[in-house]
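Geometric and topological summary
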Amino acid sequence: MSAPLHPLYIGGEWLDGPRLRDNLNPSDTRDVIGRYAQADTALAERAIAAAHEAAPAWGLSSPQVRADALDRIGSEILARKEELGTLLSREEGKTRPEGIGEVARAGAIFKFFAQEALRLRGDKLASVRPGVEVEITREPVGVVGLITPWNFPAAIPAWKIAPALAFGNTVVLKPADLVPGSAWALTEIISRAGLPAGVFNLVMGPGSQVGQALLDDRRVAAISFTGSVGTGQRVAQAAVSRGARFQLEMGGKNPCIVLDDADLDVAVNSVLQSAFFSTGQRCTASSRIIVQKGIYPRFVQALGEAARALRVGDALDPQTQIGPVVDEAQLAQDLKYIDIAKAEGARLVCGGERLQLDKPGFYLQPALFADCDNGMQHCREEIFGPVASVLPADSYEHALTLSNDTPFGLAAGICTTSLKYASHFKRHAQAGMVMVNVPTAGVDYHVPFGGRKGSSMGPREQGSYAAEFYTTVKTAYVQP
């Protein structure tokens, strides 16, 4: 049986593209999940034109209409979370419970922004001039281009699409080439939610054509991008050159400090989840574990034992704890950095080998290194795989210095029973998100997401703060 064909969605129509791309299962590369249409520059421009034509009417639509549509989308996602979660895990490689959890988060995001559409606030002030009133309102920016990554193929599109639509913008979505299935399934749900033609468009295809069209077209008022640092910098340059607003999330090299007074079980569990779950393919994963010397030997031993016990396998196997790496290229990158760490003199505690299981897939035993130095290359650059490095620290102050010594600033964690150190760290960690005694990987859907330094540029994503990017502020003066 041939794999099913999945078209593009442009201007309210399902359209074929000039090429097709197979969507492969990283747990079993013999499994072709589907064949997905690829757009070229002309089709990307057609989607932009459709969104541009639909923008004025949608921007002036009733917030109740927008709220009802988003609520319908969220309700169907939640009702189908097991089906969609299985699809997600099949194409991306995270375990089925993780896939279902991500889909549930996507549904909750749409339900949340359904209500945010009704809560968009303004201000009415008295002018300093007698008899004049001042009104401050928020309006949609227009056409928004969304470029999403492969590691969260449901949640990240959701937290970009939902606020864009809630606040009256029209959307052109370009998902990552590796994971078109989740984006297509989400689009199919959106296509039946009652949105006017052109309000939402799905354009799958290569970044060199589809992504570039979004960057170059002056009808695209804003670009929201999640992905690599290099691509994010190019997005920023292109947006600035034509005066478009941009929002960038570009990863991290996140630290987690473990102090001498930490509860060992809490610390090991927190780091294990942060570093290795979802195969370490999370921008919030803790890859630098900074451990005070008093607890260092016990912690490394305990974390090593826990990491060795992790079961690697097919993402849909209920016994699996760590699924495959997403594809051959990412696996090669992980293995390259493992070799770099060994050459730099880091001590390999466990893991780091490619596994040959009963199915052809991209399986890697999670790697744990100890006795690392923050100047080592593998401690400076984002690996984006199940690889963690433990660094010794003389004191809390030393650990804090190591924690902040990074070009990134997305998430930072600390494990301690000291209120003094926890409070100090929350204030002094140079990161957009700080976690105390909980994993760095894992954030709520209703609060802001984002970082500092090289991790993020532009307004925050998620929660009520999303309005800062997806709306523009207007000030009106009235003399009655």
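Further up the page is the structure itself.
Quantities reported herein were computed from a predicted structural model and do not represent experimental measurements. (Residues numbered from 1 in each chain as written. Predicted model: local features only at pLDDT ≥ 70, side-chain atom pairs only at ≥ 80, totals over all residues. Heavy atoms only, no water.)

Notes on the overall build of the protein chain
Counting its secondary structure elements, the protein chain contains 15 helices and 25 strands. Relative to a compact globule of 480 residues, whose C-alpha radius of gyration would be 23 Å, the protein chain shows 23 Å and is just as compact. Taking the principal axes of the C-alpha coordinates as reference, the protein chain spans close to 70 × 70 × 40 Å. Across the 480 residues of the protein chain, 58% fall into the buried class. Considering only contacts within the protein chain whose residues lie at least 6 apart along the sequence, 73% involve residues at least 24 apart. As displayed, the protein chain offers around 18,700 Å² of accessible surface, 52% of which is attributable to carbon and sulfur atoms. Looking at the protein chain, you have 47 positive and 51 negative side-chain charges, and the mean spots of the two groups are 4 Å apart. (Helix = DSSP H or I, 4+ residues; strand = E, 2+ residues; numbered from the N terminus. Rg over C-alpha atoms; globule rule 2.2 N^0.38 Å. Buried < 20%, exposed > 50% of the residue type's maximum accessible area, 1.4 Å probe, protein only. Contact = heavy atoms within 4.5 Å. Areas by Shrake-Rupley, 256 points an atom, 1.4 Å probe, with all protein chains shown as cover. Lys, Arg positive; Asp, Glu negative; His and termini not counted. Charge placed at Lys NZ, Arg CZ, Asp CG, Glu CD.)

Describing the pairing of strand β6 (residues 123-126)
In regular strands, side chains alternate between the two faces of the sheet. Looking at chain direction, β6 and strand β7 (residues 133-140) are connected through 4 bridges and run antiparallel. Directly across from L125, in β7, lies its bridge partner V134. Joining the antiparallel neighbours β6 and β7 is a turn of 6 residues, in which G131 adopts a positive phi near 85°. (Pairing = 2+ DSSP bridges.)

Remarks on the nonpolar core
Ranked by internal contacts, the top residues of the largest apolar core, which has 95 residues, are I73, F110, F113, I161 and F200. For this core, the element with the highest residue contribution is helix α5 (residues 155-166), accounting for 9 residues. Beyond its immediate sequence surroundings of up to four residues, F110 is in contact with L70, I73, G74, I77, A158, I161, A162, L186 and I190. In terms of nonpolar packing, the next biggest core, distinct from the first, is built from 30 residues, A346, V387, L391 and L402 among them. (Core = buried A, V, L, I, M, F, W, Y, C linked by side-chain atoms within 4.5 Å.)

As for the packing of helix α2 (residues 63-79) against helix α4 (residues 96-119)
Relative orientation of the contacting elements α2 and α4 amounts to 165°, with a least axis distance of 8 Å. In terms of orientation, α2 lies roughly antiparallel with respect to α4. Along this stretch, α2 crosses α4, giving a crossing that reads as left-handed. Judged by residue contacts, P63, Q64, R66, A67, L70, D71, I73, G74, S75, I77 and L78 of α2 engage V103, A104, A106, G107, A108, F110, K111, F113, A114, A117 and L118 from α4. Classifying every residue of the contact of α2 with α4 gives 15 nonpolar, 4 polar and 3 charged. (Axes fitted to C-alpha atoms, helices over the stretch in contact; angles between N-to-C directions. Parallel < 35°, antiparallel > 145°, perpendicular 65-115°, else oblique. Left-handed = near helix turned anticlockwise from the far one by under 90°. Nonpolar A, V, L, I, M, F, W, Y, C, P; charged D, E, K, R; others polar.)

Things to note about the environment of Q38
Here Q38 is to be found in strand β5 (residues 28-38). Measuring from C-alpha to C-alpha, the distance between Q38 and V203 comes to 7.5 Å, with 165 residues separating the pair along the chain.

Brief notes about the pattern of salt bridges
Applying the stated criterion across every chain yields a total of 25 salt bridges. Close ionic contact of R46 with E13 constitutes a salt bridge, the shortest N to O distance being 3.6 Å. In this pair, R46 sits in helix α1 (residues 41-59) while E13 sits in strand β3 (residues 13-15), placing the two residues 33 residues apart along the sequence. Residue R80 is joined to E83 by a salt bridge in which the shortest nitrogen-to-oxygen separation is 2.8 Å. Given the relative accessible area of 46%, E83 is considered partly exposed. Connected through shared salt-bridge partners, E76, R80, E83, E188 and R192 make up one network. (Salt bridge = Lys/Arg side-chain N within 4 Å of Asp/Glu carboxyl O.)

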